Structures are given as structure tokens and as C-alpha cells.
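Chain and residue survey
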Amino acid sequence: YTGIDILPEMVEEARRRYPSGNFVSGDLFEETIFEPKSFDVIYSSGIFNLRLGDNHALLKRALPVFFALAREWVVFNLLDPEHSVQRDIYYYFDPEEAVQMVREHTSEFTLLRDYVPKDYTIFAKVPSAT
């Protein structure tokens, strides 16, 4: 397991809680931190859920990075706009729009929507190199 966060304070806290873990501070979308295909799975939780300006552009920029780093799977979660209680600080991603972005990288994916009311996760299989 390797954890990465853009905020050094988050990495410091992760290291404090899990001293045997591998934690890195950096911006995956601005720096080359890892070699291609460094990980079996890229799992991203919550980074697209805060309203950051253009969340669509961020996800569109993130997916090629995730697919380049993963050997097997890219997994990420988003907030569901069908949730009845919404707050302005959060961004709610239409599942069909997210699926369209994923389809640019793979045709094998699953959208899991029934584990909590306000969230969904996409499990995307990385295409094998031929």
C-alpha cells in the first residue's frame, strides 16, 4: 500500500498513525512521482467530492494518470446527485457523465451505487497491453 496526498500535513498524520506504511506528499497530476504501471490498483477516495472549480476537468485530467499508473484496476468514488440532502461545498457527479469519461479508457467497468445513499464507486478494469 502506498498513500499519497497533496497536503503534507495529511501525510504526516498518516505516518504517525501507520508508521509501517508508505506515504508520499505530492501532486500526481502535476509531477511524475511514480513510474507507469507501478500499482496493481489505483484507489481514489473523496478527491473529486469537494467543489474545486471545474471538477469535470479534474476528473478528466486524473483518469489518464490513474490508468497509466495501474496494472489492473482504477477505482474511485463520487457523490451522487440523486441524494436528497446536498451542500454547496460538495460536488455531485452525474453517474452517466462519469461513465462516459471512463469509457474513453476502458469498456470494462462496474458502477456500484447501493452501498450508501449519497455515494457511488466505479471499478474500471485497465485494458491489457497487446
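Details of the structure are given in the entry above.
None of the values given here were measured: they were computed from a predicted structure.

1. Here's the deal with the pattern of salt bridges
Applying the stated criterion to the full structure yields 8 salt bridges. Salt-bridge contacts for Glu13 lead to Arg16; the nearest nitrogen and oxygen are separated by 2.6 Å. Of the two residues, Glu13 and Arg16 are both situated in helix α1 (residues 8–17); the distance of 3 residues between them amounts to about one turn of the helix. Of the residues examined, Glu13 reaches a relative accessible area of 28% and is grouped as partly exposed. Among the residues examined, Arg16 registers a relative accessible area of 56% and is labelled exposed. Among the ionic pairs, Lys60 bridges to Glu104, the shortest N-O distance being 2.7 Å. One end of the pair, Lys60, is in helix α2 (residues 55–69); the other, Glu104, is in the loop between α3 (95–103) and β5 (109–112), with 44 residues separating them in the sequence.

2. Describing α3
Three or more residues of α3 are buried, namely Pro95, Ala98, Val99, Met101 and Val102. Buried residues of α3 fall within an arc of 160° about the axis and therefore sit on the same side. At its buried positions, α3 is contacted by α2, β4 (70–79), β5 and β6 (119–125). Two to three positions downstream of the cap, the backbone nitrogen of Glu96 sits 2.8 Å from a side-chain oxygen, assigning the N-cap of α3 to Asp94.

3. Looking at the pairing of strand β2 (residues 22–25)
Remark: a regular strand shows side chains that alternate across the two faces of the sheet. In terms of strand pairing, strand β1 (residues 2–5) meets β2 through 4 bridges, oriented parallel. Across the sheet, residue Ile4 finds its bridge partner in β2, namely Val24. Crossover β1 to β2 through α1 is right-handed.

4. Brief notes about the sheet that holds strand β3 (residues 39–44)
Within a sheet, neighbouring strands are paired by backbone hydrogen bonds and run either parallel or antiparallel to one another. Strand order in this open sheet of 4 strands is β3-β4-β6-β5, and the pairing throughout is mixed. Each edge of the sheet is formed by a strand with only one pairing partner; in this case those strands are β3 and β5. For this sheet, the mean angle separating the axes of adjacent strands, direction not counted, is 10°. Where β4 meets β6, 7 bridges bridge the pair, whose relative direction is antiparallel. From the neighbouring strand, Val74 faces β6, where its bridge partner is Ala124. Along the sheet, α3 contacts β4, β5 and β6; its crossing angle with β6, the most-contacted strand, is approximately 15°.

5. Regarding the side chain of Ser44
Examined against the element boundaries, Ser44 turns out to sit in strand β3. With relative accessibility at 6%, the residue Ser44 sits in the buried group. Apart from the residues lying within four places of it in its own chain, the contact partners of Ser44 are Phe66, Val75, Phe76 and Asn77.

6. Remarks on unusual backbone geometry
Here the phi dihedral of Lys37 falls at roughly 55°; this positive angle occurs in a residue that is not glycine. Following the sequence through the fold, Lys37 ends up in the loop between β2 and β3. With relative accessibility at 36%, the residue Lys37 sits in the partly exposed group.

What counts and how
Residues numbered from 1 in each chain as written. Predicted model: local features only at pLDDT ≥ 70, side-chain atom pairs only at ≥ 80, totals over all residues. Heavy atoms only, no water. Salt bridge = Lys/Arg side-chain N within 4 Å of Asp/Glu carboxyl O. Helix = DSSP H or I, 4+ residues; strand = E, 2+ residues; numbered from the N terminus. Buried < 20%, exposed > 50% of the residue type's maximum accessible area, 1.4 Å probe, protein only. Arc of directions from axis to C-beta. Contact = heavy atoms within 4.5 Å. Polar contact = N/O pair within 3.5 Å; in protein donor to acceptor, adjacent residues only side chain to side chain. Pairing = 2+ DSSP bridges. Right-handed = clockwise from strand over helix to strand, strands pointing away. Axes fitted to C-alpha atoms, helices over the stretch in contact; angles between N-to-C directions.

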